[in-house]
Amino acid sequence: ASMSQQDEIELLKRQMAIMKENQNQFFMLINGMFVFFMQCGFAFLEAGSVRSVNTVNILMKNILDVFVGSLSFFAFGYPFAYGRPGNSFIGHNNFFGANVDYFEKTITVDNSTLAGYETSSSYFANWFFQYVFAATAATIVSGAVAERADFACYVIYSFTITGFIYPVSAHWVWSPDGWLYTGAGTGLRMQDFAGSCVVHVCGGVAALVGAKILGPRLGRFSEDGKLNAIPGHSVPLVSLGAFILFLGFLCFNGGSIQRISEDGDGLIASLSITNTIISGSGAGLSAMLANRVYNTVKGNGKFWSLLMAINGALAGMVASCAGCNDIAPWAALTIGSVAGVMFVVARNVVLWAEIDDPLDAISVHLIGGTIGTISAPIFAIRGQMVGGKPEGGPLYGGGIIAWKGVGWNLVGLLSIALWSGICCITLFSTLNMVGLIRIPKSVEEVGIDIKKHGELAYPEAFVRVISDEKKKK
Amino acid sequence: ASMSQQDEIELLKRQMAIMKENQNQFFMLINGMFVFFMQCGFAFLEAGSVRSVNTVNILMKNILDVFVGSLSFFAFGYPFAYGRPGNSFIGHNNFFGANVDYFEKTITVDNSTLAGYETSSSYFANWFFQYVFAATAATIVSGAVAERADFACYVIYSFTITGFIYPVSAHWVWSPDGWLYTGAGTGLRMQDFAGSCVVHVCGGVAALVGAKILGPRLGRFSEDGKLNAIPGHSVPLVSLGAFILFLGFLCFNGGSIQRISEDGDGLIASLSITNTIISGSGAGLSAMLANRVYNTVKGNGKFWSLLMAINGALAGMVASCAGCNDIAPWAALTIGSVAGVMFVVARNVVLWAEIDDPLDAISVHLIGGTIGTISAPIFAIRGQMVGGKPEGGPLYGGGIIAWKGVGWNLVGLLSIALWSGICCITLFSTLNMVGLIRIPKSVEEVGIDIKKHGELAYPEAFVRVISDEKKKK
Amino acid sequence: ASMSQQDEIELLKRQMAIMKENQNQFFMLINGMFVFFMQCGFAFLEAGSVRSVNTVNILMKNILDVFVGSLSFFAFGYPFAYGRPGNSFIGHNNFFGANVDYFEKTITVDNSTLAGYETSSSYFANWFFQYVFAATAATIVSGAVAERADFACYVIYSFTITGFIYPVSAHWVWSPDGWLYTGAGTGLRMQDFAGSCVVHVCGGVAALVGAKILGPRLGRFSEDGKLNAIPGHSVPLVSLGAFILFLGFLCFNGGSIQRISEDGDGLIASLSITNTIISGSGAGLSAMLANRVYNTVKGNGKFWSLLMAINGALAGMVASCAGCNDIAPWAALTIGSVAGVMFVVARNVVLWAEIDDPLDAISVHLIGGTIGTISAPIFAIRGQMVGGKPEGGPLYGGGIIAWKGVGWNLVGLLSIALWSGICCITLFSTLNMVGLIRIPKSVEEVGIDIKKHGELAYPEAFVRVISDEKKKK
């Protein structure tokens, strides 16, 4: 019954490979849980930011993101994004889960690292981790079109974004087949670790297009161009959403390494988390200050706005996604502080343009994502990792190739913005033409909840309002 | 100071065994955290579904589940469920934590897998993971008896379910000594991976018995049989609970493998999570549609009900528990979609029978659990794992033994339903006889919070109501 | 291409060391996530416990803890607490992240354990885990000074506690250089596994000093010494916070071992979690009972108070921090039950002393922490771990050295209480003198939200109150 030393060594190597594979999947699944919980965060950020008569509607939309997104991303989205073989534009395998051998166990131990590559073993762990990212991209839009988008419109665009638009964006940058990953012959690689561009610019452009085509909520802008405040109904709900999103972003970025078994993996996960919280902190504080200065100058009063601090911090975390794995904390603080100020600027530009974005989703995600995409290669320590070898960022001796890397990120930024923009203009314009985009005026005036869902967010409060009305008569 | 090669190999084997043990406990603990958080999910699902005058009461009950459950399950529940030696009906060791050597470290390295079996090392990790499941079983009942159960009744049944009724159910199916696990000479093994039957049928039957014996809330059914709506007070609270429960269910099912160190473990955890979200998504959508069709036909109006989508999705996740580790995603979608529709049907049957279940706990857990228990062996890929060897499910070449496995699951389903039913009828009838089951009518009319807890859910709102009343006079 | 057996063994040893390092960081990061989420728990515990006109303010303060705390703890706090070299009073390295080599990978495999020590690899994982503890210490204070502290006061003390006061406390007990850790020549070591003293006594004393120097809220105590109730505005929000804190405490204590790679690590993590939930359960129930008895005797009515059960449970969990890794569950139940009763006693003593602590933070953290600090060495099984060797607790054969260990914990308790007290008296007195400590009376009367933040927690409710006022006129 005794084994030879060589057999024991082979057993150890095999067991080590199994441990690594399990560890990596465990890591992806648990980080995926926290990112999944971001759906709850978005739901409450949005629920608190709308009027109570539309609260059931926005909660419904966020829950549908989970349901519609999981089916859409399983059937189409993941295959388009990561199905191999794929070409440089899109993946094309595993539609509806085809060609996945559920219980195949083929371990090929790599003799230099002892990592084991099982052909199908990690399919579902990868799917789950990517799915929660795709659902995030779709959810961004729900805030921008809140309180007026039709139910059918929502289901259709949620399906399309998780099933097609976002997956193509992910394929370009994160699939080994994608053209922004391979460099398309330039020898460059896009640097977007956790999705400043892939997720947030993609979703942010969709939010911009959606909000623009839908038009503003009734009464948001007077005919003389005056802005009317339509405050949300509950700051505690907004804050609950914010805390959950802060938590989720730490795992959104920290989990993006997608493994924790090789030398230095723990460090990259930890550094990503550290940079995310520091970037968010800087942004929250800078947005709060910028907003106070702006309102003081405009004569609106000297206030410390909680909502600005929250959205500013979110913009900072969005901006940290692209480079959090490869920048120093001082750089994270710099990027975040800029993102916080730019969020306040962008928010006022959007209002000036008479685009109604009840959640400031455009300013958080599109602007935060843009800042992150551009700044990541500039502040990068190791820079582009072509062939697993770091090239060095421009501030760390990378030279001309490093600046070309900044250019490549700009190419990626513009390409993904264009891709998402063209797709969404087509999509929302079509929905507009066929009359499925916006709820009728009569519904918008009374509130969507009672008309479309037959449910009120706070039934008892409603009863009291009704009885107040009766008293008046 | 140099070691021989054989000594180095022995050290490596020992360290590998230690890593596996640690990894498994880490996995159980973290998944257990998310399942523990389901107590918060249930609390808010229920708090939002009751009137504001009974909200403190339902929150109290859910918090007591955590407190009473931990003591009851430590002293009695876990020993009954998993204490070894045990007989085929019940375990009987480790009462009050006896015979657990806290810091004993005896590693026996298994030479074929390098897994290490420490005699007592994993006692507490197992206890915690099982405790959070037991607490779930007890919590299911709190929804069905909401707004009328007496405080003493609640404490007693919560203690009994976590300390005795549920543990026996768990022992039968999940303890290596249990008769549904060993097959009692039939060579069959019950297939209930994460507890469609063990947890949800057991808790669902208790909910049915409790709701029936307590009788409906005052005014729920008019004497002419007319149904009066008693809406809950806050849809946002319900939705918060739902999001937390969705999250928790992913770990409830994904964590049920209870280890992540052997070949293929990660795949089973990942597949379980994937199937859970897909089953829940299918069920949420199918319940929403079925409810819309039903109400349209009945002339109640065409609505997309958020509450039906939420409860439908929960029923779908409950139905996925039994087989999520061993079915294809298309099967999960099928099972979930059926569960969603059956939830809507069951809900209306329960109402027709004039059983008042404020949370639809019966329809979610008993019906969802039943569907899961029956469908798991039917759609199973590998089927019963007797002796670690898969037999193959009926659709995957398993033949007659596979269909016998379906029968064995039916035996288990009926046995556990009977067990829970008989215990709960005895328990609730006794409580009824001694007058500890239901709050007095005077308390029910005013609300439990002010009378029994001296605390109001929303003190400021109350002040305003009082001042309104005064104004009227 | 084939390797010699010795090369393969060296590779395996190196890979084992890498796995351990990754596993430990993964463990710290994930537990840190749940502890980070405690900020959300504290925010809602506090938000629900204050009036709705001050709710935005308290949410803002809790979010600022996250932002200000991360910058302060990165720049100063962690370097003071753990920067090495350090002296027995304070650490002094790594200010602003200096001297951290981000991507250095130097593994020195320890031949007896195969653990790998990378010089800088775990810096950020440690930072994140310690940061979330520091933020907790600061947050404790926010409850005690709620509804009256000035915004500037809050930012300054939050910065100081996370950047200096708490780090010194942590250095003394948890840094290998600290005098309570080394024993300062006595051969003793303070036993405070997860911070009953380091975190909760430190924060609790700060809360006491802050609440005392600020004075009570307007109208809290009448001139004749009568106590006026100022109920919070939402029990559901309080309960949400409580559930999140219960969850967080399990990881606060379970994660404090800070690694899960060596023999017995999993057991200690699991035992810590088990003891935490059992201690909290005992405390919740005993506080609920003690409060009922007290109020019955005082003639205030017989109530089961949810808020007392919640705060009692928190006190019990605080009391379990110090010894949860090294006591039997029966001891945890004993400690918790005492903490629950003492919480109720302390709460009434604080009120009698006319100190206004809207969150009972003093009674939860200072009293709970004190009980934990004293009881940990008394009930310890293995006792002080000097040189990695357990000495045995007084009840487990430890003899006179074990009782000296109890004395050393008392020395630590008094020293940290004095340290925090002196620092906070200096800090808050200075803020008082320069007029930055308390909001103006005019602001306190109307509510801080509208005056200082320009945002209302519930804008629609406000609109209705205004319209009611108009109707009256």
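Anyway, here's the lowdown on the structure attached to this text. Everything numeric here is computed off the predicted structure, so don't read it as measured data.

### Some thoughts on the relation of the copies chain B and chain C
Working step 1: Rotating chain B by 120 degrees and translating it 0.0 Å along the rotation axis places it on chain C, where the RMSD comes to 0.0 Å. The symmetry that links the two subunits is that of a three-fold axis.
Working step 2: Here only 18% of the contact residues of chain B are again contact residues in chain C; the copies associate through non-equivalent surfaces.

### Looking at the relation of the copies chain A and chain B
Working step 1: With an RMSD of 0.0 Å, the operation that places chain A on chain B is a rotation of 120 degrees combined with a shift of 0.0 Å along the axis.
Working step 2: A different interface surface on each copy is seen, since only 18% of the contact residues of chain A are contact residues in chain B too.

### A few points about a nonpolar patch on the surface
Residue and element names in this part refer to chain A.
Working step 1: A cluster of nonpolar residues, Val338, Val341, Met342, Val345, Val349 and Trp352, forms a patch on the protein surface that exposes about 570 Å² of accessible area.
Working step 2: Structurally, the position occupied by tryptophan 352 is in helix α10 (residues 329-352).
Working step 3: Tryptophan 352 gets classed as exposed once you look at its relative accessible area, which sits at 72%.

### Thoughts on the packing of aromatic side chains
Residues and elements named next belong to chain C.
Working step 1: For the structure shown, the criterion picks out 96 aromatic pairs over all chains.
Working step 2: Between phenylalanine 76 and phenylalanine 96, the ring centres sit 5.2 Å apart and the planes meet at 70 degrees, which makes this aromatic pair edge-to-face. Of this pair, phenylalanine 76 sits in helix α2 (residues 55-82) while phenylalanine 96 sits in the loop between α2 and β1 (107-109), placing them 20 residues apart in sequence.
Working step 3: Looking at phenylalanine 76, the relative accessible area reads 26%, which means it is partly exposed.
Working step 4: For phenylalanine 96, a relative accessible area of 57% gives the class exposed.
Working step 5: Aromatic side chains tryptophan 172 and tryptophan 419 sit 5.8 Å apart centroid to centroid with 55 degrees between the ring planes, which places their arrangement in the tilted category. Taken together, the positions of tryptophan 172 in helix α4 (residues 151-174) and tryptophan 419 in helix α12 (residues 399-433) put the pair 247 residues apart, joining distant regions of the chain. Of the two residues, tryptophan 172 and tryptophan 419, both sit in the buried class.

### Regarding the interface of chain B and chain C
Working step 1: Counting residues at the interface gives 66 residues for chain B and 77 residues for chain C.
Working step 2: Its largest share of buried area at the contact with chain C, chain B owes to Phe26, Phe67 and Phe103 of chain B, together 12% of the area lost on that side.
Working step 3: At the junction of chain B and chain C, the tally comes to two salt bridges.
Working step 4: The partner of aspartate 263 of chain C in a salt bridge is arginine 14 of chain B, and the shortest N-O contact between them spans 3.1 Å.
Working step 5: Taken together, the links from chain B to chain C amount to 19 residue pairs in polar contact (both at pLDDT 80 or more).
Working step 6: Contributing elements (two or more residues each) for the side of chain B that touches chain C: α1 (5-49), α2 (55-82), α3 (123-144), α7 (235-254), α14 (448-453) and α15 (459-472) of chain B.

### Focus: the interface of chain A and chain B
Working step 1: Residue-level contacts link 66 residues of chain A with 77 residues of chain B.
Working step 2: Between chain A and chain B the total buried area reaches about 6,000 Å² when both faces are included, carbon and sulfur atoms providing 74% of it.
Working step 3: When the buried area of chain A at its contact with chain B is split by residue, Phe26, Phe67 and Phe103 of chain A rank highest and sum to 12% of it.
Working step 4: The interface formed by chain A and chain B holds two salt bridges in total.
Working step 5: Here chain A is connected to chain B by 18 residue pairs in polar contact (both at pLDDT 80 or more).
Working step 6: Within the residue set of the side of chain A that touches chain B, elements represented by two or more residues are α1 (5-49), α2 (55-82), α3 (123-144), α7 (235-254), α14 (448-453) and α15 (459-472) of chain A.
Working step 7: Considered class by class, the residues forming the side of chain A that touches chain B number 43 nonpolar, 13 polar and 10 charged.

### Overview of the state of the cysteines
Working step 1: Tallied over the full model, the rule gives zero disulfides over all chains.
Working step 2: Here cysteine 424 of chain A is not disulfide-linked; the sulfur of cysteine 423 of chain A is the nearest cysteine sulfur, at 6.5 Å.
Working step 3: In this model cysteine 324 of chain C remains outside any disulfide bridge; the closest cysteine sulfur is found in cysteine 321 of chain C, 6.5 Å from its own.
Working step 4: A relative accessible area of 0% means that cysteine 324 of chain C is categorised as buried.

### Let's talk about the side chain of asparagine 94 of chain C
Working step 1: Inspection of the secondary structure assignment puts asparagine 94 of chain C in the loop between α2 and β1.
Working step 2: Discounting chain neighbours no more than four positions away, the residues touching asparagine 94 of chain C are Phe74, Pro79, Gly83, Arg84, Asn99, Val100 and Tyr123 of chain C.

### Considering the packing of α3 of chain A against helix α8 (residues 265-297) of chain B
Working step 1: At a minimum axis separation of 8 Å, α3 of chain A and α8 of chain B run at an interaxial angle of 45 degrees. Relative to α8 of chain B, the element α3 of chain A lies oblique. Both α3 of chain A and α8 of chain B take part in a crossing whose hand is left-handed. Taking contact as the criterion, the partners of Phe124, Ala125, Trp127, Phe128 and Tyr131 of chain A in α3 of chain A are, on α8 of chain B, Ser270, Leu271, Ile273, Thr274 and Ile277 of chain B.
Working step 2: Tallied by class, the residues present in the contact of α3 of chain A with α8 of chain B amount to eight nonpolar, two polar and no charged.

### Overview of empty space enclosed by the protein
Residue and element names in this part refer to chain B.
Working step 1: As enumerated under the stated definition, the model contains 12 cavities of 30 Å³ or more in all.
Working step 2: As for the largest cavity, its lining consists of 15 residues, and the residues nearest its centre are Phe42, Leu45, Leu359, Ala361 and His365.
Working step 3: Mapped by element, the contributors of at least two residues to the lining of the largest cavity are α1, α3, α7, α9 (306-320) and α11 (361-379).
Working step 4: Tallied by class, the residues present in the lining of the largest cavity amount to nine nonpolar, four polar and two charged.

### Description of the side chain of asparagine 54 of chain B
Working step 1: Here asparagine 54 of chain B shows up in the loop between α1 and α2.
Working step 2: Residues within four places of asparagine 54 of chain B in sequence aside, it is in contact with Glu147, Gly447, Ile448 and Asp449 of chain B.

### What about helix α7 (residues 235-254) of chain C?
All names here are of chain C.
Working step 1: The first and last C-alpha atoms of α7 sit 28 Å apart over 20 residues, in line with the 28 Å expected at 1.5 Å per residue.
Working step 2: Counted residue by residue, α7 has 20 buried out of 20 residues, so it is predominantly covered.
Working step 3: Its side-chain oxygen at 3.2 Å from the backbone nitrogen of leucine 237, serine 234 defines the N-terminal cap of α7.

### Observations concerning the pattern of salt bridges
Working step 1: On inspection of all chains with the given rule, the structure shows 39 salt bridges over all chains.
Working step 2: One salt bridge connects arginine 51 of chain A with glutamate 147 of chain A, and the closest N-O pair in it is separated by 2.9 Å. Residue arginine 51 of chain A is located in the loop between α1 and α2, and its partner glutamate 147 of chain A is located in the loop between α3 and α4 (151-174); the two are separated by 96 residues in the primary sequence.
Working step 3: Arginine 438 of chain B is the partner of glutamate 444 of chain B in a salt bridge, and the nearest nitrogen-oxygen pair spans 3.0 Å.
Working step 4: For glutamate 444 of chain B, a relative accessible area of 7% translates into the label buried.
Working step 5: Overall, the relative accessible area of 22% leaves arginine 438 of chain B in the partly exposed class.
Working step 6: In this structure, a network of salt bridges that share partners links the residues Arg51, Glu147, Arg217, Arg220 and Asp356 of chain A.

### Section: unusual backbone geometry
Of all residues except glycine, most have a negative phi; of all peptide bonds, most are trans.
Residue and element names in this part refer to chain B.
Working step 1: The omega angle of the peptide bond from arginine 84 to proline 85 is 5 degrees, so this bond is cis rather than trans.
Working step 2: Mapping proline 85 onto the fold places it in the loop between α2 and α3.
Working step 3: Backbone geometry at phenylalanine 96 places phi at a positive 55 degrees, although glycine is not the residue there.
Working step 4: Even without being glycine, glutamine 258 reaches a positive phi, approximately 65 degrees.
Working step 5: By the secondary structure assignment, glutamine 258 is in the loop between α7 and α8.

Definitions and limits used
- What you see as residue numbers is a count from 1 along each chain, following the sequence as written.
- The lettering of chains begins at A and the numbering of ligands begins at 1, in the order of writing.
- Per-residue local features of the predicted model are confined to residues with pLDDT of at least 70, and side-chain atom pairs are confined, for both listing and counting, to 80 or more; whole-chain, interface and lining totals are unaffected and use all residues.
- The side-chain numbers reported here are obtained from all heavy atoms of the structure, hydrogens and water having been left aside.
- Superposition of the copies was done by least squares, using only C-alpha atoms of residues whose pLDDT is at least 70 in both.
- Working rule for contacts: check all heavy atoms of both residues, and any pair within 4.5 Å makes them a contact.
- Patch members must show over 30% relative accessible area and no salt bridge, and they are joined within 9 Å when carrying like charges or within 5 Å when they are nonpolar side chains of Val, Leu, Ile, Met, Phe, Trp or Tyr.
- Computed by Shrake-Rupley with a 1.4 Å probe, the accessible areas treat only the displayed protein chains as cover when residues are assessed.
- Only one rule defines a salt bridge in this text: a Lys or Arg side-chain nitrogen within 4 Å of an Asp or Glu carboxyl oxygen.
- Counting from the N terminus, the helices are the DSSP runs of H or I reaching at least four residues and the strands are the DSSP runs of E reaching at least two.
- Whether a residue is buried, partly exposed or exposed follows from its accessible area with a 1.4 Å probe, protein chains only, as a fraction of its type maximum: under 20%, in between, or over 50%, in that order.
- In this scheme Phe, Tyr and Trp rings, the latter by its six-membered ring, pair at centre separations within 6.5 Å, and the angle between planes marks the pair as stacked below 30 degrees, edge-to-face above 60, and tilted otherwise.
- Once two parts are joined, some of their accessible surface, as seen by a 1.4 Å probe, is lost; buried area is that loss totalled over both.
- For the purposes of these results, a polar contact is taken to be a pair of N or O atoms within 3.5 Å, where, inside protein, one atom must be able to donate a hydrogen and its partner to accept one; residues adjacent in sequence count only when each atom of the pair is a side-chain atom.
- Under this grouping Gly is polar, as are all residues other than the nonpolar Ala, Val, Leu, Ile, Met, Phe, Trp, Tyr, Cys and Pro and the charged Asp, Glu, Lys and Arg.
- By convention in this document, the label disulfide applies to cysteine sulfur atom pairs within 2.5 Å.
- For helices, the fitted line uses only the C-alpha atoms of the stretch in contact; every axis is such a line through C-alpha atoms, and the angle between N-to-C directions lies from 0 to 180 degrees.
- Angle categories: roughly parallel below 35 degrees, roughly antiparallel above 145, roughly perpendicular from 65 to 115, and oblique for all the rest.
- Handedness of a crossing is defined here by the sense of rotation of the near helix relative to the far one, left-handed for an anticlockwise turn of less than a right angle and right-handed for a clockwise turn.
- Note on definitions: the grid is 1 Å and covers protein atoms alone; a cavity is a set of points where a 1.4 Å probe fits but cannot get out; a pocket is an open set with protein on both sides within 12 Å along at least five of seven lines; lining residues have an atom within 4 Å of a point.
- Grid points are joined across faces, edges and corners, and a volume is the space filled by probe spheres set on the points.
- Each residue after the first adds 1.5 Å to the expected span of a helix.

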